[in-house]
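A look at the structure
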Amino acid sequence: MASEEASLRALESLMTEFFHNCTTNERKREIEELLNNFAQQIGAWRFCLYFLSSTRNDYVMMYSLTVFENLINKMWLGVPSQDKMEIRSCLPKLLLAHHKTLPYFIRNKLCKVIVDIGRQDWPMFYHDFFTNILQLIQSPVTTPLGLIMLKTTSEELACPREDLSVARKEELRKLLLDQVQTVLGLLTGILESIWDKHSVTAATPPPSPSSGESGGDLLSSLLQSPSAAKLLNQPIPILDSESEYICSLALECLAHLFSWIPLSTSITPSLLTTIFHFARFGCDTRARKMSSVNGSSQNSVLSQERGRLGILAMSCINELMSKNCVPMEFEEYLLRMFQQTFYLLQKITKENNAHTVKSRLEELDESYIEKFTDFLRLFVSVHLRRIESYSQFPVVEFLALLFKYTFHQPTHEGYFSCLDIWTLFLDYLTSKIKSRLADKEAVLNRYEDALVLLLTEVLNRIQFRYNQAQLEELDDETLDDDQTEWQRYLRQSLEVVAKVMELLPTHAFSTLFPVLQDNLEVYLGLQQFVVTSGTGHRLNITAENDCRRLHCSLRDLSSLLQAVGRLAEYFIGDVFAARFNDALTVVERLVKVTLYGSQIKLYNIETAVPSVLKPDLIDVHAQSLAALQAYSHWLAQFYSEVHRQNPEQFISLVSTALEAITPLISSKVQEKLLLSACHLLVSLATTVRPVFLIRIPAVQKVFNRITDTSAQRLPDKAQVLVCRALSNVLLLPWPNLPESEQQWAVRSTNHASLISALTREYRHLKSSAILPQRKVRLEDTKVIIHQTLSVLEDIVESISGESTKSRQICYQSLQESVQVSLALFPAFIHQSDVTDEMLSFFLTLFQGLRVQMGVPFTEQIIQTFLNMFTREQLAESILHEGSTGCRVVEKFLKILQVVVQEPGQVFKPFLPSIISLCMEQVYPIIAERSSPDVKAELFELLFRVLHHNWRYFFKSSVLASVQRGMAEEQMENEAQFSAIMQAFGQSFLQPDIHLFKQNLFYLETLNTKQKLYHKKIFRTTMLFQFVNVLLQVLVHKSHDLLQEEIGIAIYNMASVDFDSFYSAFLTEFLASCDGVDSNQKNVLGRNFKMDRDLPSFTQNVHRLVNDLRYYRLCNDSLPPGTVKL
């Protein structure tokens, strides 16, 4: 034994050294290598068995168990059967002897190692594996240990993670399912006996009048049976720590079992009732009180444990709830579960003298509340439609409880989660009404009161007037997912408001508008407090309390304006006439408010608390413009209804809105407000398009300001928006007027002069582009290029979907600037930031105006680009200029994508040079780079080349299509086709999962649309190469997320010629597989059934892949020199 003893001492000192904080990484690597080598030796496990029984060093024990784990999972097949028997008998003995003294993590690891043996050997060689677990559970001394073993078995055997053959996985699941009834019976027994044992001894105090635990009418209507109500009203027993530990283990086992066993009658009513008893631990606040009264830390730990029992019980319930497939015989159980959970919901939202609901919820464990909210979400999303039809289930009362629960949530996150549940409920109602229009009224009447209450309360929650303390906690500075906490809060609340509006428009409007009106009065009344001081205007409100009240009122007004804007969509379309008066009232108020803000210049006013009130005033002004913008579709519909008869009211609304906008279009105005004004101007010009817009003095003023070179330029974003609006005023056809009255000639002249003014400096660059640029000049030139192209690109983009006439005029105005751009391009080819902007502009031109540009000029552009992007230039851009350089090449490829998609023969002559650019110049540069840059765009271009120019490769003659199957299609440009296919094949060998997914989709699309896999060249020379690559990818698990897509693609390829697949390919594929012997190959081949339907075929593919991996693992685990017969 000396050698074992010595090895143990050596190992202990190595482990101590390894984890010592002074040990260098170099030394750690040495120790690691030493330990790994020791573990690989045959018979190392004997030493480890000795170490486990003789050491108290945690590190040594953990190492020894890892050696066993490795032996069982990776080398078990090669272990002699005598040794296996010894290990199977020694490890459980070790566990039984030491389970009380071992640290919990070592004990759990040892349990897992024993379960790993069971996973390999039960029932054939380890027949008492499961009976031992059941015996442990039944013996009081070892119940906890048995439960840990049971949970580990459920985790490791029901959904095994390690590689096992599919047949073994199926066998294990079947074996476990056979045990489910026994196991559930045992667990029910444990939980019931502990509950009963402690209930009997608990002295039951008489219910005090204030406790309000007597149940009440709702409870009896929920529970149907007085006995159940009585049961649930029993006081909660006080458990000792041992019992509590056993219960928590039993509930953990149940939660894991429920995650994979199907719903069936083995889950008995008594088990469900017992779980609910334990769920009550979570909503029992008395336990917490006792601990705080007694003050001892022992008690508070106990109380946390009790809360944990409630959380675990709710986890069990939620596992059952999340199953959508409910067998008929289980429905009644489900109803009973809901009734019992709603009893709990009633209990935790009960108000009495001692408690408000909120204080009660605050006392509960946060995780318990989370689980409870999960339950409610599952109930509404998965089961409501099933349960609502039960007459004995009081849905309206349930909503009343949910309402209380929602609006007393102690945290913002909790409140958001509850709002999500209401959103699910409102969606359910909306779709139910749409599918049952006949009894729409009846459905709405049933829920009307609940919805109005919900709406009112959600609106109150977003107002400082009612909810200041909570709202002030919300962060409005830090962005998370492009919104601050406050914006998210507001947005989610407004979504609920909008959904109620959709169901109950009149109610919603009559609830919201008066509240808006109140806050508007305050805002419109500010005028009387504006006084003129030496430096300008000042708001004469200085008392701290008044400033605070004004701040709250302005914040609320801003939120309510957003609410009113969010509801704009419910006033248009079919309901325009019916809700016309309400909408008109809103729009008139908004126009009045925006004009008022611009006239008394509240955005520039001095206030007593500038850091608070100034942003408030700017925000209200910006939100009023944004809310008005939301009604632009309504204004457009109003215009089309009244333009013939009496448009005075409409003209007055639009003219006043423009008076409110124009003073704000100035570089002196804060950007937030300036952009709101610009967006509204764009909507009026684009969506509403009144014929008289150009004649309004306010609009002419904006024209003059933008074309006046001496005026200070607006910030970039605003400049782009204003130019878009002015261009659209001149370019877009007026609604409701025939072509003859569109005045295109005048508008065309005006547009040309607008663009001419905007591009004056840019067009002058042409003459100087040839000269070498001085550094200072270069920077100025870049600024001019950036400013001009951003405006022009936006103008083209905004009319790309419009009528031909608009696009013609636009191109005529732009023609000179486009030619200048093309002339400048070569001069800036080495400035990737400028090239990037120029290509963006050309890409937009190609997408929107290629017909207007005409063929000769388009050819000239493409030829210029093809000449400029030489192999050297492409290499410089991709390899040396970082992301901007790659962006330039990507945009160039995007332009070529537009070109190759063009129908007709015009651009066909470019195809050979585009393909050669792709395959001979771009592809070699990026093929070997691991970076995904440029690849996605290149493959999209290749896909478009094939998809839109199929006949460039496959000439389909009429005769051939008549004699389908007789004559094979003629193939042209075969070398290019093969090179493209090869590039696709190569891309499947690379790790980038997005590219893999995209390219697989392209191949599948080409097969759906053009029968790619059926073409002779593909079928005879490429088909099985692709199938081989895809199967290898599955075997290597490198793109596991795409398993399903890969399986379907293999099926689509194989189905072209199933006979060859089964007779030739499969045999060849298996023959070429290394790491498996001929017998195993035969088994793999036999197990691949000759199915021809998609589900069975893909199942066979995944079975083949799984078992191939498993056999390789087994063979790797055999000791060297093993002779296999």
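These numbers come from a predicted model, not from an experiment. (Residues numbered from 1 in each chain as written. Predicted model: local features only at pLDDT ≥ 70, side-chain atom pairs only at ≥ 80, totals over all residues. Heavy atoms only, no water.)

Some points on the overall build of the protein chain
If you tally the helices and strands in the protein chain, you get 52 helices and four strands. Oriented by its inertia axes, the alpha-carbon framework of the protein chain measures out at about 100 × 85 × 70 Å. Burial status across the protein chain gives 53% buried among its 1125 residues. At a minimum sequence separation of 6, the contacts of the protein chain that also span at least 24 residues come to 75%. As presented, the protein chain carries roughly 50,700 Å² of accessible surface, and 53% of it is formed by carbon and sulfur atoms. Taken together, the 107 basic and 124 acidic charged side chains of the protein chain have centroids lying 2 Å from each other. (Helix = DSSP H or I, 4+ residues; strand = E, 2+ residues; numbered from the N terminus. Buried < 20%, exposed > 50% of the residue type's maximum accessible area, 1.4 Å probe, protein only. Contact = heavy atoms within 4.5 Å. Areas by Shrake-Rupley, 256 points an atom, 1.4 Å probe, with all protein chains shown as cover. Lys, Arg positive; Asp, Glu negative; His and termini not counted. Charge placed at Lys NZ, Arg CZ, Asp CG, Glu CD.)

Here we look at unusual backbone geometry
Note the cis peptide between Trp 122 and Pro 123, where omega equals 0°. Checked against the element boundaries, Pro 123 lands in the loop between helix H6 (104-121) and helix H7 (129-138). In this structure, Lys 601 takes a positive phi of about 50° despite not being glycine. Relative to the elements of secondary structure, Lys 601 occurs in the loop between helix H26 (580-599) and helix H27 (610-630). Relative accessible area serves as the criterion here: at 39%, Lys 601 is assigned to the partly exposed category. A positive phi angle, near 50°, is found at Asn 973, a position not held by glycine. Tracing the chain through its elements places Asn 973 in the loop between strand S4 (970-971) and helix H45 (974-987).

Considerations on the packing of aromatic side chains
With the rule as written, the count across this model stands at 74 aromatic pairs. Judged by centre distance (6.4 Å) and plane angle (25°), the ring pair of Phe 38 and Phe 51 falls under stacked. Separated by 13 residues along the polypeptide, Phe 38 in helix H2 (residues 25-40) and Phe 51 in helix H3 (residues 44-54) bring together distant segments of the chain. According to the relative accessible area criterion, Phe 51 is buried, its value standing at 1%. Put simply, the rings of Phe 1024, Tyr 1051, Phe 1058, Phe 1061, Tyr 1062, Phe 1065, Phe 1069, Phe 1088 and Phe 1097 touch in pairs and so form one group of aromatic residues. We note Arg 555 situated over the ring of Trp 486; from NZ or CZ to the ring centre the distance is 4.8 Å. (Phe/Tyr/Trp six-rings, centres within 6.5 Å; stacked < 30°, edge-to-face > 60°. Lys NZ or Arg CZ within 6 Å of the ring centre and 35° of its normal.)

Remarks on the packing of helix H38 (residues 855-868) against helix H40 (residues 882-901)
It is at 12 Å that the axes of H38 and H40 come closest, and there the two elements cross at 140°. Pair H38 / H40 crosses with left-handed handedness. Between H38 and H40, the contacting residues are Ile 862, Phe 865 and Leu 866 on the first element and Phe 892, Ile 895, Leu 896 and Val 899 on the second. Considering only residue class, the contact of H38 with H40 consists of seven nonpolar, no polar and no charged. (Axes fitted to C-alpha atoms, helices over the stretch in contact; angles between N-to-C directions. Left-handed = near helix turned anticlockwise from the far one by under 90°. Nonpolar A, V, L, I, M, F, W, Y, C, P; charged D, E, K, R; others polar.)

Some thoughts on helix H16 (residues 328-348)
Here H16 spans 31 Å end to end across 21 residues, near enough to the 30 Å set by a 1.5 Å rise per residue. Counting buried positions over the 21 residues of H16 gives 17, a clear majority of the element. (Expected span 1.5 Å × (residues − 1).)

Observations concerning the layout of surface pockets
Of the volumes computed, that of the second largest pocket is approximately 610 Å³. Surrounding the second largest pocket, 23 residues form its lining, Asp 476, Trp 486, Gln 487, Asp 619 and Lys 672 being those nearest its centre. Of all elements in the fold, only helix H23 (485-503), helix H25 (544-566) and H27 reach the threshold of two or more residues within the lining of the second largest pocket. Here the element with the most residues in the lining of the second largest pocket is H27; it accounts for seven residues. In terms of residue class, the lining of the second largest pocket is built from six nonpolar, seven polar and ten charged. (1 Å grid on protein atoms, 1.4 Å probe; cavity = no way out; pocket = protein on both sides within 12 Å on 5 of 7 lines; lining within 4 Å. Points joined across faces, edges and corners; volume = space filled by probe spheres on them.)

Quick word on the side chain of Thr 1005
With respect to the element layout, Thr 1005 can be found in helix H46 (residues 993-1010). Not counting residues up to four positions away in its chain, the partners in contact with Thr 1005 are Phe 943 and Gln 1010.

Notes on the nonpolar core
If you look at the biggest cluster of nonpolar residues, it comprises 393 residues, and the most contacted ones within it are Leu 91 and Trp 634. It is helix H9 (residues 166-201) that provides the largest number of residues to this core, a total of twelve residues. Ignoring sequence-local partners within four residues, the contact set of Leu 91 consists of Leu 49, Leu 52, Phe 68, Leu 110, Val 113, Ile 114 and Ile 117. (Core = buried A, V, L, I, M, F, W, Y, C linked by side-chain atoms within 4.5 Å.)

Here's the deal with helix H50 (residues 1058-1072)
When the terminal C-alpha atoms of H50 are compared, their 20 Å separation across 15 residues agrees well with the 21 Å that a helix rising 1.5 Å per residue should span. Along its length, H50 shows its largest kink, about 35°, at Phe 1065. Within the sequence span of H50, burial applies to Phe 1058, Phe 1061, Tyr 1062, Phe 1065, Leu 1066, Phe 1069 and Leu 1070. (Bend = angle between axes of the 7 residues up to and from the residue.)

Regarding the state of the cysteines
Working definition: the covalent bond between the sulfur atoms of two cysteines is a disulfide. Per the counting criterion, the structure on display carries zero disulfides. Note on Cys 810: no disulfide assigned, nearest cysteine sulfur contributed by Cys 723 at a separation of 12 Å. (Disulfide = S-S within 2.5 Å.)

Concerning the environment of Ala 975
On the secondary structure map, Ala 975 appears in helix H45. A relative accessible area of 64% places Ala 975 in the exposed class. For the pair Ala 975 and Phe 953, spaced 22 residues apart in the sequence, the C-alpha separation amounts to 9.9 Å.

Digging into the environment of Leu 590
Mapped onto the elements of the fold, Leu 590 is located in helix H26. Residue Leu 590 is classed as buried on the basis of its relative accessible area of 3%. Apart from the residues lying within four places of it in its own chain, the contact partners of Leu 590 are Leu 561, Ser 624, Ala 627, Leu 628 and Tyr 631.

Structural notes on the packing of helix H48 (residues 1023-1036) against helix H52 (residues 1094-1117)
Contact geometry of H48 with H52 gives a least axis separation of 9 Å together with a crossing angle of 55°. The angle between H48 and H52 falls in the class oblique. Judged by the sense of rotation from one axis to the other, the crossing of H48 with H52 is right-handed. Where H48 approaches H52, its residues Leu 1031, Leu 1034, Val 1035 and His 1036 are matched on the opposing element by Val 1101, His 1102, Leu 1104, Val 1105, Leu 1108, Arg 1109 and Arg 1112. (Parallel < 35°, antiparallel > 145°, perpendicular 65-115°, else oblique.)

Here's the deal with the pattern of salt bridges
Applying the stated criterion across every chain yields a total of 43 salt bridges. For Asp 836, the salt bridge identified is with Arg 887, shortest N-O distance 3.2 Å. Placement of the pair is Asp 836 in helix H37 (residues 832-853) and Arg 887 in helix H40, with a sequence separation of 51 residues. On the basis of relative accessible area, Asp 836 is assigned to the buried category, the value being 8%. Glu 940 is paired through a salt bridge with Arg 944; the nearest N and O atoms lie 3.2 Å apart. With Glu 940 and Arg 944 both in helix H42 (residues 935-948) and four residues apart, the pair spans about one turn of that helix. Across this residue pair, the class does not change: Glu 940 and Arg 944 are buried. Through salt bridges with shared partners, a single network forms among Glu 69, Lys 109, Lys 112, Asp 116, Arg 119 and Glu 156. (Salt bridge = Lys/Arg side-chain N within 4 Å of Asp/Glu carboxyl O.)

Concerning the confidence of the model for the protein chain
Detail in the predicted coordinates should be disregarded across regions flagged by low pLDDT. Residue-level pLDDT values for the protein chain average 87, and 91% of them are 70 or greater. Segment residues 287-299 is flagged for pLDDT under 50; beyond a separation of four residues in sequence, or across chains, it makes 15 contacts in the model. (pLDDT = per-residue confidence, 0-100.)

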